[in-house]
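Single-letter residue listing:
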Amino acid sequence: MASSVQNNRSSPAGFVYNCMCCKVCNRVCFRAFKWIPVLLIISIVTWSYYAYVIQLCIFTIESTVQKCVYLVIFHILLIMFAWSYWRTIFAEIQPVPDKYKLPERELEKLLSAESEEAQRNILESFASDLPIVTRTMSGSVRYCNRCVLVKPDRAHHCSICARCVLKMDHHCPWVNNCVCYFNYKFFMLFLGYALLYCLFIMATCLPYFIRFWKTGVIMEDGDLEVTKGEFGSAANAGRYHIVFAFFVSMMFAISLGSLFGYHCYLVANNRTTLDALENYQGRCCTPGKRVIAHAIKQLTEEAFRAPMFRGGADKNGFSMGVYNNFKEVFGNSPNLWMVPVFTSLGNGCDFPVRREHQLQTFTTQEAHGYESMGTTRSSFGDGIVYPLPRQDEDTESLLSSERWERWGERAQPYDERESSSYDEL
């Protein structure tokens, strides 16, 4: 009897211990699993080095000058590609500044608020001195329930990283990291150098690939017969690596070309993947198509909606012109544009906006001096002064009754739809 009582008493502790062990094991396995795409890319690049340097340049090409030229260009592209990839993976992603986090006292007020309007008032009061110009679809301050902070402009919560990320573009499994303000330049260089790397391998392998298929392979009765010739002897079976290198580089070049072109378009228009697409406005006739169209519309409006300003959604709200948009990512120094060194402008929290969306992005005390001049300074800290739209404070209030009547029956800022995983990718 005593032993059974002792076992019953010890069993809960053992159960908790086993649960903790399972959680730790699951966490470790999940972290290890996320590195599989990175290891796959590293293994492909390692094999490509063997196929190109050993099989093509050393064993196949006879001209010494051609060998040297190919090897020099290949290693330059490989070094820049690997350097950019390394910086993209291991870039230090800074957390959201503490000034955006709700103090314990404000959090208690927010949790004890009796209505959604009271919650909006609390957040509006806290965010009044923060440099934020975007809002939710319902016009309220963007707030993250998980991180307990007011979201800076263009920041989103990453469910994989379990944190809010500044100027988040997307979470990329091929780099096992969020592509965001702190590594977007490295990501662009990684795509560009990877594309050049693949194109160079494909172009230099093409003549030998053609010669191989002309002189080395004959199909007879469904069997593959390797004939003797300059490039097709059985002793040179290792040169099949050249054929595979050509095909692999071609496939990667196609996918990288489309992805790199898309992100060049985003850079030119100063957008991210999360705010790039317009709200879907599809019209369908059949009931089945209407259901699909409604699902697509909900997805695009929630996950890929354009930034919401006080005047409404505007996909070009942060665009300052192609050249200025390019400099925002790559910096002011042309000598460092193609080098994976961090040179992006700004701080990742506040950004220059178009003239019609310009708001006061500094403290109330500083605002009085600028209001007297009818101007506002750039949130970029570059000294540029822009005209400030002069409006009545009551008219400009986000909590005015007219504003909420205008939004009508749309979702409120703290319902389940606003805090869904689509909004916080």
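Now for a look at the structure at hand. Quick caveat, the model's predicted, so the values are computed rather than measured. (Residues numbered from 1 in each chain as written. Predicted model: local features only at pLDDT ≥ 70, side-chain atom pairs only at ≥ 80, totals over all residues. Heavy atoms only, no water.)

## Description of the overall build of the protein chain
Which entries qualify depends on this criterion: Helix and strand assignments follow DSSP, with helices taken as H or I runs no shorter than four residues and strands as E runs no shorter than two, numbered in order from the N terminus. Relative accessible area decides the class of each residue, using a 1.4 Å probe on protein chains only: under 20% of the type maximum gives buried, over 50% gives exposed, and in between gives partly exposed. By definition in these notes, contact holds between two residues if any of their heavy atoms fall within 4.5 Å. What sets the accessible areas is the Shrake-Rupley method with a 1.4 Å probe; for residues, cover comes only from the shown protein chains.
From N to C terminus, the protein chain includes 12 helices and 12 strands. Taking all 425 residues of the protein chain together, 43% fall into the buried category. The contacts in the protein chain between residues at least 6 apart in sequence include a share of 64% that link residues at least 24 apart. As presented, the protein chain carries roughly 23,400 Å² of accessible surface, and 61% of it is formed by carbon and sulfur atoms.

## With respect to the pattern of salt bridges
As a reminder of what qualifies: Any carboxyl oxygen of Asp or Glu within 4 Å of a side-chain nitrogen of Lys or Arg constitutes a salt bridge here.
Using the criterion set out here, one finds 6 salt bridges in the structure. Among the ionic pairs, Lys109 bridges to Glu106, the shortest N-O distance being 3.9 Å. Placement of the pair is Lys109 and Glu106 together in helix H4 (residues 104–112), with a separation of 3 residues, close to one helical turn. A salt bridge links Glu328 to Arg154; the nearest nitrogen and oxygen atoms lie 3.9 Å apart. In this pair, Glu328 sits in helix H9 (residues 322–330) while Arg154 sits in the loop between strand E2 (149–150) and strand E3 (156–158), placing the two residues 174 residues apart along the sequence. Using a relative accessible area of 4% as the deciding quantity, one classes Glu328 as buried. With relative accessibility at 5%, the residue Arg154 sits in the buried group. Each of Arg154, Lys167 and Glu328 takes part in a single network of salt bridges with overlapping partners.

## Considering the state of the cysteines
The line we're drawing: Sulfur atoms of two cysteines make up a disulfide when they are within 2.5 Å.
Applying the stated rule across the entire model yields 0 disulfides. No disulfide involves Cys57; its sulfur sits 8.2 Å from the nearest other cysteine sulfur, which is in Cys205. Classification of Cys57 as buried rests on a relative accessible area of 1%. Here Cys158 stays free of any disulfide, with the sulfur of Cys178 as its closest cysteine sulfur at 3.4 Å.

## A word on the side chain of Lys185
Quick reminder of the rule: By the counting rule applied here, Lys and Arg register as positive and Asp and Glu as negative, while His and the ends of each chain are not counted.
Relative to the helices and strands, Lys185 resides in helix H6 (residues 184–215). One buried charged residue, Lys185, remains without a salt bridge, the closest side chain of opposite sign being Glu328 at 14 Å. Apart from residues lying up to four places away in sequence, Lys185 is in contact with Val329, Phe330, Leu336, Trp337, Val339, Val341, Thr343 and Ser344.

## Focus: the environment of Ala162
Along the chain, Ala162 falls in the loop between E3 and strand E4 (163–165). Given the relative accessible area of 56%, Ala162 is considered exposed. Remark: the alpha-carbon pair of Ala162 and Cys147, spanning 15 residues in sequence, is separated by 8.5 Å.

## Some details on the packing of helix H2 (residues 36–58) against helix H3 (residues 64–90)
Note the cut-off: Fitted lines through C-alpha atoms give the axes, limited to the stretch in contact for helices. The angle between two N-to-C directions lies from 0 to 180 degrees. Roughly parallel covers angles under 35 degrees, roughly antiparallel covers those over 145, roughly perpendicular covers 65 to 115, and oblique covers all other angles. Residues are grouped as follows: nonpolar covers Ala, Val, Leu, Ile, Met, Phe, Trp, Tyr, Cys and Pro; charged covers Asp, Glu, Lys and Arg; every other residue, Gly included, is treated as polar.
Relative orientation of the contacting elements H2 and H3 amounts to 170°, with a least axis distance of 11 Å. By the criterion of interaxial angle, the relationship of H2 to H3 is roughly antiparallel. Residues Val38, Ile41, Val45, Tyr49, Tyr52, Val53, Cys57 and Ile58 of H2 pack against Lys67, Tyr70, Leu71, Phe74, His75, Leu78, Phe81, Tyr85 and Ile89 of H3. By residue class, the composition of the contact of H2 with H3 is 15 nonpolar, 1 polar and 1 charged.

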